[in-house]
Amino acid sequence: MQGAPRRRGRRLNVRLALLLLALALPAAAAAADVKVLSAAALAPGLTKVAEQYRKDTKNRLRIQYALPPQLERRVGGGEEADVLIASAGLMNDQLRRNKLEADKHVFLGRVGIGVAIRAGAFDPDIGTIDRFKQSLLGADAIVYAQPGAGTYLEKLFELLGVGEQVKAKIVRYAGATQVLEHIVGGKGMEIGFATLPEIRLFEGKGVKLVGPLPEQVQSVTAYSAAVMTDATGAEVAREFIQYLETPPAKAIFMAAGFDN
């Protein structure tokens, strides 16, 4: 009968020893959240970077994506964030207003506009400007986001002399996701336009990337990231900016279709 009390005593001693050991060990650093305001065009690469960043650091990115006009309004309205990721125009404007830390600024890549069709539908020729024009004229529908790629495309169609001819077949959406979903659900010869990373995100899901716009008429947007001067988690935000310059992060953006 004396064995049971002894065993209980040993178990209590073991628990006490484990408790004392746990108290003696340094506490693990708590994971931090980084609030990011980002242009929607970055989503195909940034979402994957966020996943890898959390695996590597345990810190979490709280990303809010917005189309360029919405992003400009939110930043201009004083919305707080730790990191801003946007095109060169908005970033330069915020630098002039001292809203960004100038020494914590990282170039992420350039993004061009691509042409997409429903997989297996038809094969438009966009190899030259003349063939590109003929493909536009022969399409059943021309689909793009406005604002977005459409802001540039509408000017381009006018310059190419086909603006009036294609006007009746243009379908506009608020974002690239709706554009590409329209292409997937199409019935005829629809041509869609979005950034190359956005189209690549839909490859294998019913969308085929025909290719980028002809080089002579391509429009490229440069994107970068910076720490905001009112960041509540400035130190972690600066570490994230440094992370964006690491080979794994750069490789993810390149695989998503961003050019350096």
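What comes next is a walk through the structure.

The rules behind each value
- By convention here, each chain's residues receive numbers from 1 onward along its written sequence.
- Residues qualify for local features only when their pLDDT is at least 70, as the model is predicted, and side-chain atom pairs are given and counted only at 80 or more; totals for whole chains, interfaces and linings, by contrast, use all residues.
- Side-chain numbers here rest on the full set of heavy atoms in the structure, without hydrogens or water.
- Joining through side-chain atoms within 4.5 Å is the link that ties buried Ala, Val, Leu, Ile, Met, Phe, Trp, Tyr and Cys residues into a set, and such a set is a nonpolar core.
- Partly exposed residues are those whose accessible area sits between 20% and 50% of the maximum for their type, while under 20% is buried and over 50% is exposed, using a 1.4 Å probe and protein chains only.
- A run of DSSP states H or I qualifies as a helix once it reaches four residues; a run of E qualifies as a strand once it reaches two. Both are numbered from the N-terminal end.
- For this analysis, residues touch if any pair of their heavy atoms sits within 4.5 Å.
- Note on pairing: two strands pair once DSSP finds at least 2 bridges between them.
- By definition, the arc is the one covered by directions from the helix axis to the C-beta atoms.
- Any helix carries an expected span of 1.5 Å times its number of residues minus one.
- Each axis is a line fitted through C-alpha atoms, taken for helices only over the stretch in contact, and angles between the N-to-C directions span 0 to 180 degrees.
- Angular relationships are summarised with four words: roughly parallel below 35 degrees, roughly antiparallel beyond 145, roughly perpendicular across 65 to 115, and oblique for the angles in between.
- The crossing is said to be left-handed when, going from far helix to near helix, the turn is anticlockwise and less than a right angle, and right-handed when the turn is clockwise.

**Notes on the nonpolar core**
Nonpolar side chains in soluble globular proteins generally cluster together in the buried interior.
Part 1: One finds Leu-42, Leu-71, Val-83, Leu-84 and Leu-244 to be the most contacted residues of the largest nonpolar core, which totals 44 residues.
Part 2: Take this core: its biggest share by element is 6 residues, from helix α10 (residues 234–243).
Part 3: Excluding its chain neighbours within four sequence positions, the residues that come into contact with Leu-71 are Leu-37, Ser-38, Ala-39, Ala-66, Leu-84, Ile-85, Ala-86 and Leu-90.

**What to know about the pairing of strand β7 (residues 190–195)**
As a general feature of sheets, a regular strand has side chains that alternate between the two faces.
Part 1: A large share of β7 lies buried, amounting to 6 of its 6 residues.
Part 2: Bridge analysis of strand β4 (residues 100–118) against β7 gives 4 bridges, and the strand direction is antiparallel. Each residue of the ladder has a partner; that of Gly-114, found in β7, is Ala-194.
Part 3: Where strand β5 (residues 141–145) and β7 come together, 3 bridges link them in parallel fashion. Each residue of the ladder has a partner; that of Ala-141, found in β7, is Glu-190.

**Structural notes on helix α8 (residues 176–184)**
Part 1: Within the span of α8, buried status applies to Ala-176, Val-179, Leu-180 and Ile-183. Projected down its long axis, α8 shows its buried positions confined to an angular sector of 90 degrees, all on one face.
Part 2: Of the surrounding elements, those touching the buried residues of α8 are β4, β5, β6 (170–173), β7, α9 (196–202) and β8 (207–212).

**Examining helix α2 (residues 43–57)**
Part 1: With 15 residues, α2 should cover 21 Å at 1.5 Å per step; its first-to-last C-alpha distance of 20 Å lies within 8% of that length.
Part 2: Those residues of α2 not exposed but buried are Ala-43, Pro-44, Gly-45, Leu-46, Val-49, Ala-50 and Tyr-53.
Part 3: Close packing links the buried residues of α2 with β1 (33–39), β2 (60–66), β3 (83–87), α9, α10 and α11 (247–256).
Part 4: Phi for Lys-58, located one or two positions after α2, is positive at around 75 degrees.

**Section: the packing of α2 against α10**
Part 1: Close contact between α2 and α10 brings their axes to 12 Å; oriented N to C, the two are set at 115 degrees. As far as their axial angle goes, α10 and α2 are roughly perpendicular. Crossing angle aside, the handedness with which α2 passes α10 is right-handed. Along the contact surface, α2 presents Leu-46, Val-49, Gln-52, Tyr-53 and Asp-56, while α10 presents Val-236, Phe-240 and Tyr-243.

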